[in-house]
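Below, each chain spelled out in residue letters.
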Amino acid sequence: MRLDKYCALAGAGSRKDVKKIIRQKRVLVNGVVTVNDDVHIDPYLDKIELDHEILAVVLDVYILLNKPAGVISATTDEMHKTVLECIDSTLPPGCFPVGRLDIDTEGLLLITNDGELSHRLLSPKRKVDKVYYVECRDVVDQLTVETLQKGVDIDDDTPTLPALVEIISEKTMFLTIKEGRYHQVKRMLAACGNQVTYLKRIQMGPLSLDDDMALGSWRFLNETEVEQLKKW
Ligand code: URA
């Protein structure tokens, strides 16, 4: 982010005021005076000071976590480690996971403090695609594929929306669903007389897990990913 934009966001003045303040040598970047208003700074890592007082901006944070099993999708929990505790960096207040993965489910989880974006991504109206890698106890037969594709009665008010099935091997598949009902994938397979033995989310809307991302690791989304998410 440009230094003048950061200073303006932090309330140091308008963009024009801020350019002047910078030229007056009143702004330090990591302890060094800068007179360059178009210098790029990292708002998460760099220390910006005005007249020797820290200039802070509460930014929206977007984190992609490769959730490991055994960790709970909550902000606090007395028994288990939470997904927020997987992030070994200082987070601004108000961060939370967007939706839930079961404690034994692995994979892509978005963590943010952007309530509006979260609301939109989770809205049933938006029908955001979620892609899961699924391992099953039994062979996935043709009837199961057709049932998943048509929509399954999982004892809710309505059947599930049609899902996309891509068979990988006899007992494994990629399953794309557009809803986020409680234990949905496990219940869909259970309704077909099968059982999920391993579940990992690999995609949500425009976001995908990186191939080389270790379980439990995380990274900030880049600007393009944030833009794509906001447009979704
Ligand atoms: N469906 C499930 O059954 N569990 C999850 O964690 C996510 C989707």
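Computed from a predicted model, the values in this text were never measured in an experiment.

The rules behind each value
- Residues numbered from 1 in each chain as written.
- Predicted model: local features only at pLDDT ≥ 70, side-chain atom pairs only at ≥ 80, totals over all residues.
- Heavy atoms only, no water.
- Helix = DSSP H or I, 4+ residues; strand = E, 2+ residues; numbered from the N terminus.
- Rg over C-alpha atoms; globule rule 2.2 N^0.38 Å.
- Buried < 20%, exposed > 50% of the residue type's maximum accessible area, 1.4 Å probe, protein only.
- Contact = heavy atoms within 4.5 Å.
- Core = buried A, V, L, I, M, F, W, Y, C linked by side-chain atoms within 4.5 Å.
- Domains from an automatic or database assignment.
- Disulfide = S-S within 2.5 Å.
- Arc of directions from axis to C-beta.
- Polar contact = N/O pair within 3.5 Å; in protein donor to acceptor, adjacent residues only side chain to side chain.
- Pairing = 2+ DSSP bridges.
- Near = heavy atom within 4 Å.
- Areas by Shrake-Rupley, 256 points an atom, 1.4 Å probe, with all protein chains shown as cover.
- Nonpolar A, V, L, I, M, F, W, Y, C, P; charged D, E, K, R; others polar.

**What to know about the overall build of the protein**
Thought 1: Along the backbone of the protein there are six helices and 13 strands.
Thought 2: Relative to the compact-globule value of 17 Å for 232 residues, the protein shows a C-alpha radius of gyration of 22 Å, a clear excess of over 25%.
Thought 3: When burial is assessed residue by residue, the protein has 43% of its 232 residues classed as buried.
Thought 4: For the protein, the proportion of contacts with a sequence separation of at least 24, taken over those separated by at least 6, is 60%.

**Observations regarding the nonpolar core**
Thought 1: If you look at the biggest cluster of nonpolar residues, it comprises 30 residues, and the most contacted ones within it are Val134, Met173, Leu175, Val185, Met188 and Leu189.
Thought 2: Contributions of two or more residues to this core are made by β5 (62–67), β7 (106–112), β8 (130–136), α4 (142–150), β10 (172–177), α5 (184–191) and β11 (196–204).

**Some remarks on the domain arrangement of the protein**
Thought 1: Splitting the protein by domain gives domain 1 (3–54), domain 2 (62–123 + 220–231) and domain 3 (130–204).
Thought 2: Here the C-alpha centre of domain 2 lies 30 Å away from the C-alpha centre of domain 1.

**Observations concerning the side chain of Asp37**
Thought 1: Position of Asp37 among the secondary structure elements: in the loop between β2 (32–33) and β3 (48–50).
Thought 2: We classify Asp37 as buried; its relative accessible area is 17%.
Thought 3: Those residues in contact with Asp37 that sit more than four places away from it in its chain are Arg2, Leu3, Asp4, Lys19 and Ile22.

**A look at the state of the cysteines**
Thought 1: In this structure the tally under the stated criterion is zero disulfides.
Thought 2: Of the cysteine sulfurs around Cys86, a residue in no disulfide, the closest is that of Cys95, at 14 Å.
Thought 3: With no disulfide of its own, Cys136 has Cys192 as its nearest cysteine by sulfur position, at a separation of 9.1 Å.

**Quick word on helix α6 (residues 223–231)**
Thought 1: Within the sequence span of α6, burial applies to Glu225, Val226 and Leu229. Along the long axis of α6, the arc covered by the buried residues comes to 100°, so they all point the same way. Exposed and facing more than 90 degrees away from the buried side of α6 are Glu223 and Lys231.
Thought 2: As for α6, its buried residues are in contact with β5, β7, α3 (115–122), β12 (207–208) and β13 (218–220).
Thought 3: Measuring from the backbone nitrogen of Thr224 back to the side-chain oxygen at the start of α6 gives 3.2 Å, which picks out Asn222 as the cap.

**Quick word on the sheet that holds β2**
Thought 1: Here we have four strands laid out as an open sheet, ordered β2-β1-β3-β4, and antiparallel in their pairing. Where the open sheet ends on each side, the last strands, each with one partner, are β2 and β4 (53–54).
Thought 2: Judged from the two bridges that link them, strand β1 (residues 27–29) and β2 form a sheet pairing that is antiparallel. From the neighbouring strand, Leu28 faces β2, where its bridge partner is Val33.

**What about the site of the ligand?**
Thought 1: Near the ligand the following residues occur: Leu101, Asp102, Thr105, Tyr132, His183, Gln184, Val185, Lys186 and Leu199.
Thought 2: A distance of 2.7 Å is found between a nitrogen atom of the ligand and a side-chain nitrogen or oxygen belonging to Asp102.
Thought 3: In the model, an oxygen atom of the ligand is placed 3.2 Å from a nitrogen or oxygen of the His183 main chain.
Thought 4: Relative to its unbound accessible surface of 240 Å², the ligand loses 96% to contact with the protein.
Thought 5: Among the elements that take part in the shell around the ligand, α5 stands out by supplying three residues, more than any other.
Thought 6: Partitioned by chemical class, the residues of the shell around the ligand number four nonpolar, three polar and two charged.

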